[in-house]
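Results of the structural survey
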Amino acid sequence: MGTLIRGGTIVTASDIQRADVLIEGEQVVAIAADIPVQGHQVVEAKGRYVFPGGVDPHTHLDMPFGGTVTADDFRTGTMAAAFGGTTTVIDFVLHAKGDTLKNSLHVWHAKAEGKAAIDYAFHVMIGDLRDEVMAEIPRLVEEEGVTSFKLFMAYKNNLQVDDETLFRALRMAGQAGALVQVHAENGDVIDVLVKEALANGQTEPKYHALTRPPEAEGEATVRAIHLAEMAKAPLYVVHVTCAQAADAISDARKRGLAVYGETCPQYLVCDNSDYERPDFAGAKYVMSPPLREKSNQEVLWNKLKNAELQGFGSDQCSFNLKGQKELGRDDFSRIPNGAPTIEDRMGILYHYGVQEGRIGLNRFVALTATNNAKLFGLFPRKGTIAIGSDADIVIWDPTVERTLSAATHHMNVDNNIFEGMTVRGKAEKVFVRGKMVIDGEKFVGTAGYGHFVPCAKFSQVDL
Ligand code: URP
Ligand code: ZN
Ligand code: ZN
């Protein structure tokens, strides 16, 4: 006996069709009009969209950062992700200084195993690229199912790498079939600006944004693109926030380079005026790169619509205001960077994108699931609804209206940067490999059901 999702409108990155979906075991086995019930368990989807489960390519769960540890771990973070319609996360392993990549990866496996409610894969953020660590890159690709690595051009004296290291890593990764991701901000310039601001007594959250100007992101993005071009390697720029960086990616792609860009929901609907909120509430929005002038939002929306930006990640990195963000009450540079976004990634894109007419349904699916699965070697197992694919499916009710709030969200954190936004559309039922994990307001899955999914090598994709 299987599960028959009946009467819905199936949306993939390329098609929209009224059809039923039959799940047997963990996979989709049939997609057709009017599949006979024949003893299957029927799930009615009339009036609903049937989307592929979301693939969030950018999360930080249970991660030590900024002198504390993210508020959400793999249990709470993946449960919240499921409520939002995401069925796979690609989390960032933090490579600790002095450690091997392999050991850091094993630490992350231990964090996820027995806790994750949805499936997961890993990228590795390389914190200390010694020669022996460089040599591990091909081994992780061949042996561990890890095929993407993030390097930082910011966070000076901590994670930041110099151009030589980035160039060598790009060449090594490119030859190994891996994709390098960059956090593109000029960390040297930011370091000068931060020191000057603090010396002038400028300590409030708004100075986080003022000391990380968009030019610092634009410059680093252009530099990373040139380095990737010289290394003959593909490049993925994470969390793009502004016209300077997004235009650089568009220009590179016009020149035929394998350069991809990702943005995140917060950069589409929040802006730098949020840093002015009274009583230290601006600290909720301290993330890097920072929120920008509102005019950048339209640029990002247009690039999402025109496929000039291809990835859409949450950059989930949650910290409580109380006890965590407060570490920087007297010094903005000590506010842990990041925000809770894993649960609302799809809801924000659906409402402000599809519902308000900025993008179509196919593009919504491409951005929330398909592109991310293709870029990181999970497609077609993840990221689409097709015969033989994992039955990761969201039944989406486009009519429900709700107000996003920390009082009602499922993330384990005391703030929500989308607080008070009223959005239309919601994941009503969510399946991970054929098992229902969300049923209306209820979590019906199990911590530990989610398992590791190895990523295939990077191969050039037209998105
Ligand atoms: O502020 C952010 N984005 N925190 C997470 C770490 C990163 O740079 O992605
Ligand atoms: Zn980053
Ligand atoms: Zn991040």
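Structure: above.
All of the points below concern the structure found in this document. Please read all numbers here as calculations on a predicted model, not as lab measurements.

Let us now look at the overall build of the protein chain. Looking only at helices and strands, one finds 13 helices and 21 strands in the protein chain. A globule of 463 residues ought to have a C-alpha radius of gyration of about 23 Å, and the protein chain, at 21 Å, matches this closely. Overall, the C-alpha framework of the protein chain stretches about 70 × 50 × 40 Å when taken along its three principal axes. Each of the 463 residues in the protein chain was classed as buried or not, and the buried ones make up 63%. Put simply, 76% of the contacts in the protein chain that link residues at least 6 apart link residues at least 24 apart.

We now examine the packing of helix H9 (residues 243-254) against helix H11 (residues 295-305). Orientation of H9 relative to H11, taken along the N-to-C sense of each, is 25°, at an axis distance of 9 Å. When the axes of H9 and H11 are compared, the pair comes out roughly parallel. The handedness of the crossing between H9 and H11 is left-handed. Here Ala-243, Ala-246, Asp-247 and Ser-250 of H9 come into contact with H11, specifically with Asn-296, Val-299, Leu-300 and Lys-303. A per-class count over the contact of H9 with H11 returns 4 nonpolar, 2 polar and 2 charged.

For the zinc ion (ligand 3), the full set of protein donor atoms is His-58 (NE2), His-60 (NE2) and Asp-315 (OD), and the range of their distances to it is 2.0 to 2.1 Å. In this structure, the zinc ion (ligand 3) is coordinated by 4 donor atoms arranged in tetrahedral fashion, with angles at the metal of 87 to 130°. Between the zinc ion (ligand 3) and the zinc ion (ligand 2), a spacing of 4.1 Å is present. Of this pair, His-60 sits in the loop between strand E8 (54-59) and strand E9 (64-65) while Asp-315 sits in the loop between strand E17 (311-312) and helix H12 (345-355), and the two are 255 residues apart along the sequence. Each member of the pair, His-60 as well as Asp-315, carries the same accessibility label: buried.

Here we come to the nonpolar core. Within the largest apolar cluster, 123 residues are counted, with the highest numbers of intra-cluster contacts made by Phe-149 and Leu-235. The biggest single contributor to this core is helix H8 (residues 214-231), with 7 residues. If we ignore the near neighbours within four places in the chain, the residues touching Leu-235 are Leu-170, Leu-179, Val-180, Val-182, Ala-224, Ile-225, Ala-228, Ala-258, Val-259 and Tyr-260. In this structure, Val-238, Ala-373, Leu-378 and Val-453 belong to the second largest nonpolar core, which totals 16 residues.

Scanning all chains against the criterion turns up 2 cavities of 30 Å³ or more. The calculated volume of the largest cavity comes to roughly 150 Å³. Contributing to the lining of the largest cavity are 18 residues, with His-60, Phe-65, Tyr-155, Ser-288 and Asp-315 lying nearest its centre. Partitioned by chemical class, the residues of the lining of the largest cavity number 8 nonpolar, 8 polar and 2 charged. The volume enclosed by the second largest cavity comes to roughly 30 Å³. In terms of lining residues, the second largest cavity is bounded by Thr-241, Tyr-267, Cys-270, Leu-291, Arg-292, Glu-293, Lys-294, Asn-296 and Gln-297.

Surveying the vicinity of ligand 1 reveals 14 residues, the closest of which are Lys-150, Tyr-155, His-183, Ser-288 and Asp-315. The separation between an oxygen atom of ligand 1 and a polar main-chain atom of Ser-288 is 2.8 Å. Within the backbone of Asn-337, a nitrogen or oxygen atom sits 3.3 Å from a nitrogen atom of ligand 1. Placement of ligand 1 is best described as lying within the largest cavity. Looking at side-chain class alone, the shell around ligand 1 contains 5 nonpolar, 7 polar and 2 charged residues.

This paragraph deals with the environment of Ala-116. Checked against the element boundaries, Ala-116 lands in the loop between helix H2 (101-112) and strand E12 (119-125). With 282 residues separating them along the chain, Ala-116 and Pro-398 place their C-alpha atoms 27 Å apart. Sequence-distant contacts of Ala-116, that is, excluding residues within four places in its chain, are made with Phe-74, Thr-78, Thr-446, Ala-447, Gly-448, Tyr-449 and Gly-450.

Turning our attention to the packing of aromatic side chains. In this description, a pair of aromatic rings is defined by centroid distance and the angle of the planes. This model, assessed by the stated rule, comprises 16 aromatic pairs. An aromatic cluster is present here, built from Tyr-49, Phe-51, Tyr-350, Phe-364 and Trp-396 joined pairwise through their rings. Residue placement shows Lys-111 over the ring face of Trp-108; its charged tip is 4.6 Å from the ring centre. Looking at Arg-358, its charged tip hangs above the ring of Trp-301, at a distance of 5.4 Å from the centre.

Reading the values: the criteria
- Along every chain, residues carry numbers that run from 1 in the direction the sequence is written.
- Ligands are numbered from 1 and chains lettered from A, in the order in which they are written.
- Under the rules for a predicted model, residues below a pLDDT of 70 receive no local features and side-chain atom pairs below 80 are neither given nor counted, while totals for whole chains, interfaces and linings still include all residues.
- The basis for the side-chain values is all heavy atoms of the structure; hydrogens and waters are excluded.
- Note on conventions: DSSP H or I runs of at least 4 residues are helices, E runs of at least 2 residues are strands, and numbering of each starts at the N terminus.
- Values of the radius of gyration come from C-alpha atoms, whereas the globule rule sets the reference at 2.2 Å times the count of residues to the power 0.38.
- Exposure is judged per residue with a 1.4 Å probe applied to protein chains only, and the accessible area is read against the type maximum: over 50% gives exposed, under 20% gives buried, and values in between give partly exposed.
- Contacts between residues were defined by any pair of non-hydrogen atoms, one from each residue, lying within 4.5 Å.
- An axis is simply a line fitted to the C-alpha atoms; with a helix, the fit covers only the stretch in contact. Between two such axes, the angle follows the N-to-C directions and lies from 0 to 180 degrees.
- Here the angle decides the label: under 35 degrees means roughly parallel, over 145 means roughly antiparallel, 65 to 115 means roughly perpendicular, and every other value means oblique.
- By convention, the crossing between two helices is left-handed when the near helix turns anticlockwise from the far helix through less than a right angle, and right-handed when the turn is clockwise.
- Each residue is assigned to one of three groups, with Ala, Val, Leu, Ile, Met, Phe, Trp, Tyr, Cys and Pro labelled nonpolar, Asp, Glu, Lys and Arg labelled charged, and all others, Gly among them, labelled polar.
- Distances up to 2.8 Å from the metal define which N, O and S atoms are donors, and 3.2 Å serves for Na, K and Ca; water is absent from the atom set, so sites may look incomplete.
- In this scheme the shape depends on donor count and angles: four donors with every angle between 85 and 135 degrees give tetrahedral, four or six donors with opposite pairs above 155 degrees and others between 65 and 115 give square planar or octahedral in turn, and any other case is irregular.
- Among buried residues, those of type Ala, Val, Leu, Ile, Met, Phe, Trp, Tyr and Cys that are joined through side-chain atoms within 4.5 Å constitute a nonpolar core.
- Here a cavity denotes a set of grid points, spaced 1 Å apart and computed over the protein atoms alone, in which a 1.4 Å probe fits but from which it cannot get out, and a pocket denotes an open set meeting protein on both sides within 12 Å along at least five of seven lines; residues with an atom within 4 Å of a point are reported as lining.
- Grid points are joined across faces, edges and corners, and a volume is the space filled by probe spheres set on the points.
- For each residue, the test is whether any non-hydrogen atom lies within 4 Å of the molecule or strand; if one does, the residue is near.
- Residues adjacent in sequence count toward polar contacts only when both atoms are side-chain atoms; beyond that, a polar contact is any pair of N or O atoms within 3.5 Å, and within protein one must be able to donate a hydrogen and the other to accept it.
- Those molecules having more than half of their atoms within 2 Å of a cavity or pocket grid point set are described as sitting in that cavity or pocket.
- Only centres within 6.5 Å qualify two rings of Phe, Tyr or Trp (six-membered ring in Trp) as a pair; their planes then separate them into stacked at under 30 degrees, edge-to-face at over 60, and tilted for everything else.
- As a reminder, the over-ring test applies to NZ of lysine and CZ of arginine, requiring each to be within 6 Å of the ring centre and within 35 degrees of the ring normal.

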